[in-house]
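# Analysis of the macromolecular model
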Amino acid sequence: LTPRMRPFTTTVFAEMSALAARTGAINLGQGFPDTDGPSSLLEDAVAAIRGGANQYPPGPGVRELREAVAAHQERFYGLRTDPDDVLVTVGATEAITAAVLALTEPGDEVVTFEPYYDGYAAAVALAGAARRTVVLRSPGFAVDEAALRAAFTPRTRLVLLNSPHNPTGKVFTRAELELVARLAAEHDAVVISDEVYEHMTYGVPHVPIATLPGMAERTLTISSAGKTFSVTGWKVGWVHGPTELVAAVRAVKQFLTFVGSGPFQPAVARALALPDEYFDGLRAGLERKRDLLMTGLDAAGFAVNRPDGTYFVTADAAPLGYTDAMALCWDLPELAGVVGVPVGVFHDDPEAAPSLVRFAFCKQDAVLGEAVDRLAALG
Ligand code: PMP
Ligand code: GLN
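Computed from a prediction, not measured in an experiment: that's the story for all the values here. (Residues numbered from 1 in each chain as written. Chains lettered and ligands numbered in written order. Predicted model: local features only at pLDDT ≥ 70, side-chain atom pairs only at ≥ 80, totals over all residues.)

Now for the site of ligand 1. Residues in contact with ligand 1 amount to 13 residues; listed here are only the nearest, Gly91, Ala92, Thr93, Asn166 and Ser224. Here the element with the most residues in the shell around ligand 1 is helix H4 (residues 91–103); it accounts for three residues. A class-by-class count of the residues in the shell around ligand 1 yields three nonpolar, eight polar and two charged. (Near = placed C-beta within 6 Å. Helix = DSSP H or I, 4+ residues; strand = E, 2+ residues; numbered from the N terminus. Nonpolar A, V, L, I, M, F, W, Y, C, P; charged D, E, K, R; others polar.)

This brings us to the sheet that holds strand S13 (residues 356–360). Strand order in the open sheet formed by four strands is S9-S10-S13-S12, with antiparallel pairing between adjacent strands. Each edge of the open sheet is held by one strand with a lone partner, namely strand S9 (303–304) and strand S12 (341–342). Where S12 meets S13, two bridges bridge the pair, whose relative direction is antiparallel. Bridged to Pro342 within S13 is Val357. Here helix H11 (residues 276–300) sits on the sheet and contacts S9, strand S10 (312–316) and S13; the angle it forms with S10, its principal contact strand, is near 10°. (Pairing = 2+ DSSP bridges. Contact = placed C-beta atoms within 7 Å. Axes fitted to C-alpha atoms, helices over the stretch in contact; angles between N-to-C directions.)

Bringing helix H3 (residues 63–77) into the picture now. Look at H3: 21 Å from first C-alpha to last across 15 residues, which is about the 21 Å you get at 1.5 Å a residue. Inspection of H3 places Leu65, Arg66, Ala68, Val69, Ala70, His72 and Gln73 among the buried residues, and these make up the whole buried set. Downstream of H3 by a residue or two, Gly78 has a phi angle that is positive, lying close to 65°. (Expected span 1.5 Å × (residues − 1). Buried ≥ 20, exposed ≤ 12 C-beta atoms within 10 Å, placed from the backbone.)

This paragraph deals with the site of ligand 2. Close to ligand 2 lie Thr11, Phe13, Gln30, Gly31 and Asn166. Each residue belonging to the shell around ligand 2 can be placed in one class, and the counts come to one nonpolar, four polar and no charged.

As for its placement among the helices and strands, Lys235 is situated in the loop between helix H8 (225–228) and strand S8 (236–240). Between the C-alpha atoms of Lys235 and Phe172, which are 63 residues apart in sequence, the distance is 26 Å. Lys235 has contacts with Val90, Gly91, Gly226, Gly260 and Ser261, leaving out every residue within four places of it along the chain.

Turning next to the domain arrangement of the protein. Entries for the protein in the domain assignment read domain 1 (3–30 + 277–378) and domain 2 (39–274). Inter-centroid distance (C-alpha atoms) of domain 1 to domain 2 is 24 Å. Domain 1 puts 30 residues into the contact, and the matching count from domain 2 is 27 residues. Sorting the residues of the side of domain 1 that touches domain 2 by element identifies H11, S10 and S13 as the ones contributing at least two each. Of all the elements, H11 adds the most residues to the side of domain 1 that touches domain 2, at seven residues. (Domains from an automatic or database assignment.)

Okay, structure coming up:
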């Protein structure tokens, strides 16, 4: 393995899900729902397989899905997108990695925020580029303007933005997005905007950065059916943006996977056109689960951050006397029969969040209730 990929031999998600499987603990570590998406979606995929949609789909993705993504962006955000400027990818992961590979050379710099989804650091390392990170600190996770400004240099090519943000649950404020937009424009950087949790915001709107003045021209917007339709195993994602930027991503994507998810694409296309009740129901259900888990963690003695988005809660274990979240997470199955993820693993320096734990709440109410009962034993 090359030195630049050596730090990436395993992922925290694989380790924590293995820990849960080994110990029989409730897995609130890796973020995946324990209920599948809408039945119409599942039936449509079965019909597509039975109907013979089982060979290579077209390189950019099936037309129906590219049109559905464009219609979705207009319907929810007023963003006008040509279906020809939509590229279907193997999950958001491929879109992110292909975009970073397409747009950076060794030595170029990518500005991103810490803690970050682990795939970001790996994508930047694959490209041989360097990441310049800005730390979001608990509680509040506000953007420090001076630190963000300082992260930009003449070598900055990309900003890798994620709102709603994994693992903090933060939804960037309009003012923060405007600051990112201004600095990206000043440095002529492209923004890669990972919006996989776009439909999971609670009481605040999701604002795609591409909707800010002048930003559609320099933004690649990415999302995924895995989150919106609770089918993380399908790995259907997409990216859209200016013609030349999407063409660059397509050039790389061809040689990563060529195409993907043939029979799932038409099914996802139809799901994107589901009525508002589906999207409202997803949001309302998750908001209730968030409150359930937050109340339980608070009662157990954690100092809980209130997430405005995603399906993750971060909770500080220091008030319980646990100052090392990494050690606590390895012991948590034995102590409480629950698995969580230490937020430190999403940082370059784990000391930036020494006692913070991330718990996923995209689980059935009964599972969350049981987890909360078990965690009460910690106090
Ligand atoms: N970005 C973020 C912030 C995520 O949390 C995830 C979830 N795994 C992804 C990207 C990857 O999405 P996908 O499974 O569609 O590749
Ligand atoms: N996005 C999910 C999480 O943050 C899991 C992704 C993965 O397993 N790679 O938990």
